[in-house]
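Structural description and commentary
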Number of protein chains: 2
Amino acid sequence: MSHKTQDPSLKSWVEVPSHSDFPIQNLPFGIFSTDGKNTRVGVAIGEQVLDLSVLAEESFFDEVAIEDLSVFYEEALNPFIALGKEVTKAVRERISDLLNQTNSELRDNERVRKDALIPMSRVQMHMPVKVGDYTDFYSSEEHARNVGTMFRDPDNALLPNWKHLPVGYHGRASSIVVSGTDIIRPKGQTKADDAEKPTFGPSRLLDFELEMAFITGKETRMGESISTANAEEYIFGFVIFNDWSARDIQKWEYVPLGPFLAKNFASSVSPWVVTIEALEPYRVEGPKQEPEVLPYLQYEGKKNFDLNLEVAIQPEKGEGKVVCRSNFRHMYWNVNQQLAHQTVNGCNIKVGDMYASGTISGKDKDSYGSMLELSWRGTQPIQMPDGSERKFILDGDTVIMRAHAEKDGVRIGFGEVRTKVLPAK
Amino acid sequence: MSHKTQDPSLKSWVEVPSHSDFPIQNLPFGIFSTDGKNTRVGVAIGEQVLDLSVLAEESFFDEVAIEDLSVFYEEALNPFIALGKEVTKAVRERISDLLNQTNSELRDNERVRKDALIPMSRVQMHMPVKVGDYTDFYSSEEHARNVGTMFRDPDNALLPNWKHLPVGYHGRASSIVVSGTDIIRPKGQTKADDAEKPTFGPSRLLDFELEMAFITGKETRMGESISTANAEEYIFGFVIFNDWSARDIQKWEYVPLGPFLAKNFASSVSPWVVTIEALEPYRVEGPKQEPEVLPYLQYEGKKNFDLNLEVAIQPEKGEGKVVCRSNFRHMYWNVNQQLAHQTVNGCNIKVGDMYASGTISGKDKDSYGSMLELSWRGTQPIQMPDGSERKFILDGDTVIMRAHAEKDGVRIGFGEVRTKVLPAK
């Protein structure tokens with residue numbers, strides 16, 4: 001279709017404040033409710049949520065020909081996404097038309113408009129998808145170098161496989177929660193280097209990891225592989241992903257089979273899924289990959305995205321602070337390569353799978369995407385405005401991550417993922 | 001309840017051949033169909049499948065008071081299991097009564113009996129549960145020692161954390177398939193020790209891992225932990241689990257974040273879920289744990305199970321051979337400890353999660369649960385009856401795993417998980 005949902009000159013009849021994450025060029029999908037129960041599919045526009053179940057019922061999607069309108073009344077986007085990119089793109093294009101300032105269909109239908117547009121302040125956002133499987137990659141070179149320097153050997157910070165494949169591992173899907181859900185400091189085994197035995201207690205090195213995650217919208221069968229050229233057909237959109245990590249638990253448990261309890265107590269995501277179509281204008285070249293990668297990982301075109309990222313810590317009382325400013329463009333391995341690698345062995349994927357990038361660190365010290373790196377393992381604490389300092393995350397702290405792209409006066413944002421840490425039980 | 005479903009003197013009016021895995025004392029649950037489509041819940045008895053949807057419709061479960069009988073017509077056992085152990089135990093006890101030779105209700109009701117009992121030869125078995133999250137543990141000391149001896153240091157074969165916690169990691173749920181599903185040899189990156197760069201191609205070291213897996217039947221909320229004393233309330237039952245592994249892919253990819261593509265192309269399970277109640281008579285003491293484990297991992301009572309396990313390789317043409325005889329009792333870490341560890345950090349669990357034991361190797365060379373160990377990394381090939389030899393699994397081979405307990409003349413079996421390996425695409 002030729003519809004230009006990203007045209008910078010588009011304006012909506014819905015008021016969109018300057019610096020809003022949600023202009024008419026964005027139109028991300030999410031799951032919301034107004035009573036905590038009856039969840040439905042919504043699209044963010046300015047400071048409103050557009051209720052797609054209302055539009056569907058009022059026949060505004062008739063031209064898109066969706067057989068079963070119940071996809072708009074579900075607990076997760078999965079059934080909607082599973083309709084396929086042709087349909088979800090057509091729905092998004094139809095919404096773009098309906099919200100266009102020149103279009104009177106919805107604008108001048110007061111009855112439907114009042115039902116369909118709900119102020120964000122009145123809605124509760126839910127997990128956007130039911131996550132089947134969740135993979136966490138490790139695709140930022142700077143992050144891998146920082147961790148390798150701290151924990152292994154500064155002269156050989158990257159392990160031998162790192163530049164040959166996008167290292168990844170499977171994580172826990174059940175504990176991925178949406179922004180606004182408090183998490184509880186995990187307890188577990190840790191062992192000091194000089195201790196004879198491990199001890200048990202609350203993690204003392206609780207950390208965030210600043211990541212982006214993509215969500216797949218199309219399944220494959222076992223034995224099938226996805227090429228880097230086709231990968232984007234399988235990608236519905238992106239969310240911000242906070243991969244909570246307990247560094248002390250991780251250190252003791254992770255050899256030889258990888259992180260487990262250090263990660264699986266919680267991960268937090270932003271509620272609005274920004275489609276890959278909305279990010280089209282923000283494509284940039286990735287870093288040159290040297291040594292040359294194997295053919296199945298080679299790709300053409302701009303597969304990185306210029307997304308500004310930031311992390312703020314908000315203490316329970318007192319002023320908060322942005323502690324990290326990074327960018328999604330820093331990724332060494334792009335999402336096409338990640339998905340090609342995930343499936344090159346015939347591993348099947350499903351609708352609603354989540355694939356996180358790994359911590360996104362840049363070259364500058366203030367662009368490191370975790371406290372581990374920002375405080376350099378606790379040796380260089382961050383000074384907070386209230387006079388306190390942070391090596392890691394304290395009880396009562398709220399960690400807020402934000403992401404947005406900006407170009408030609410258009411800002412495509414993700415909103416935020418905001419999570420408060422409660423004391424261990 | 002006082003019903004003794006495990007009483008060795010129980011006999012069924014359904015014919016149960018001697019050496020059947022499915023006497024009236026077993027009554028495992030599974031999902032079956034007769035046309036490949038309309039799946040429903042069944043129970044194995046002798047060489048028949050008892051169709052619970054028929055019994056439910058004919059009011060045979062009225063006394064159990066199940067509100068929504070649709071749980072018997074699902075694609076997976078999850079909704080049935082989610083009714084809770086009180087209900088699933090009551091259903092199993094009711095079935096035990098109905099099949100008892102002294103009970104005429106079903107036996108003498110020819111109309112219902114003909115509908116409800118279907119020869120196993122006529123049914124197709126499906127995945128018993130929809131797996132939410134899947135964890136693979138590493139809980140056999142002999143297996144961990146063998147691997148550590150081969151790949152690291154024979155004098156320090158066990159890593160420092162191994163005797164302090166049940167090492168585990170998350171695996172891929174989407175590629176867990178039921179017995180009878182062919183798998184395709186995975187392709188991937190491998191790197192020879194003396195090579196400068198990795199190469200890409202079909203795995204040359206395809207292996208099985210003999211494991212048992214338990215399935216959870218009750219969920220927890222994030223932040224909750226399960227004690228070793230309560231763990232069994234959360235365990236519905238067990239299946240045999242073949243954790244397919246590509247050793248050459250694993251070797252190159254697994255540092256530092258654990259196995260990924262070496263495992264996630266496929267895992268295979270047996271179709272009948274044997275309840276933990278059916279295994280009650282086969283409890284045995286576990287090995288003494290030294291050094292003493294932390295309080296949250298301490299337990300009382302017999303938490304290991306005396307289950308005979310075997311693995312056979314059946315070449316495409318020619319005679320097969322049992323290559324491994326092991327026993328589930330060899331586990332160092334028991335299932336109660338595994339579940340307590342999985343949740344000690346507040347990680348939430350769901351109904352239908354699967355937790356595999358890790359390769360179950362015994363002390364004797366013929367009890368090793370993988371080709372890696374049986375052929376000692378390929379240095380001691382196994383001789384097959386047809387004159388060929390096996391270091392790892394070849395295209396066209398079928399790997400068959402079986403498990404059963406036996407005592408007082410009663411044999412509680414799992415049937416088998418049987419998987420043929422097809423060539424790489």
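Residues numbered from 1 in each chain as written. Chains lettered and ligands numbered in written order. Predicted model: local features only at pLDDT ≥ 70, side-chain atom pairs only at ≥ 80, totals over all residues. Heavy atoms only, no water.

Regular strands show a simple pattern: their side chains alternate between the two faces of the sheet. Residues and elements named next belong to chain B. Burial of strand 6 (residues 134-137) is two-sided: the residues Tyr134 and Asp136 facing one way and the residues Thr135 and Phe137 facing the other way are all buried. Pairing of strand 6 with strand 7 (residues 168-171) involves 4 bridges; the strand directions are antiparallel. Counterpart to Tyr134 in the pairing with strand 7 is Gly171. (Buried < 20%, exposed > 50% of the residue type's maximum accessible area, 1.4 Å probe, protein only. Helix = DSSP H or I, 4+ residues; strand = E, 2+ residues; numbered from the N terminus. Pairing = 2+ DSSP bridges.)

Moving on, we get to the relation of the copies chain A and chain B. If you rotate chain A by 180° and push it 0.0 Å along the axis, it lands on chain B with an RMSD of 0.0 Å. Taken together, the rotation angle and the small translation identify this as a two-fold axis. For chain A, the smallest separation between a C-alpha atom and the rotation axis is recorded for Gly258 of chain A, amounting to 2.1 Å. Comparing interface residues between copies, 100% of those in chain A also sit at the interface in chain B, which points to an isologous, same-surface contact. (Least-squares fit on C-alpha atoms with pLDDT ≥ 70 in both. Contact = heavy atoms within 4.5 Å.)

What follows concerns the domain arrangement of chain A. All names here are of chain A. Considered domain by domain, chain A is made up of domain 1 (29-126) and domain 2 (134-422). On the side of domain 2, 17 residues touch domain 1, which itself brings 18 residues to the contact. Taken together, both faces of the contact between domain 1 and domain 2 bury some 1,300 Å²; the carbon and sulfur share is 68%. Taken as a group, Phe29, Ile81 and Lys85 account for 42% of the area that domain 1 buries against domain 2, more than any other trio of residues on that side. Summed over the shared surface of domain 1 and domain 2, the number is 1 salt bridge. As a salt-bridge pair, Glu277 and Lys85 come within 2.8 Å of each other at their nearest N and O atoms. Between domain 1 and domain 2 we count 5 residue pairs in polar contact (both at pLDDT 80 or more) in total. Counting residues per element, the ones that place at least two in the side of domain 1 that touches domain 2 are strand 1 (29-33), strand 2 (40-45), helix 2 (78-81), helix 3 (85-99) and strand 5 (124-126). The greatest single-element share of the side of domain 1 that touches domain 2, amounting to 4 residues, is contributed by helix 3. Here the residues of the side of domain 1 that touches domain 2 are counted per class, giving 10 nonpolar, 5 polar and 3 charged. (Domains from an automatic or database assignment. Buried area = accessible area lost by both parts, 1.4 Å probe. Salt bridge = Lys/Arg side-chain N within 4 Å of Asp/Glu carboxyl O. Polar contact = N/O pair within 3.5 Å; in protein donor to acceptor, adjacent residues only side chain to side chain. Nonpolar A, V, L, I, M, F, W, Y, C, P; charged D, E, K, R; others polar.)

Chain A puts 58 residues into the contact, and the matching count from chain B is 58 residues. Taking both sides of the interface into account, the surface hidden between chain A and chain B amounts to around 5,400 Å²; carbon and sulfur atoms contribute 62%. Summed over the three residues of chain A that lose the most area to chain B, namely Arg172, Leu257 and Phe260 of chain A, the buried surface amounts to 15% of that side. The tally of links between chain A and chain B comes to 4 salt bridges. Among the salt bridges present, the one from Asp353 of chain B reaches Arg172 of chain A, with a minimum N-O distance of 2.8 Å. Inspection of the chain A/chain B interface yields 28 residue pairs in polar contact (both at pLDDT 80 or more). For the side of chain A that touches chain B, the secondary-structure elements that each account for two or more residues are strand 6 (134-137), strand 7 (168-171), strand 10 (187-190), strand 11 (199-202), helix 6 (247-253) and helix 7 (335-343) of chain A. Residue contributions to the side of chain A that touches chain B peak at 4 residues, all from strand 7 of chain A.

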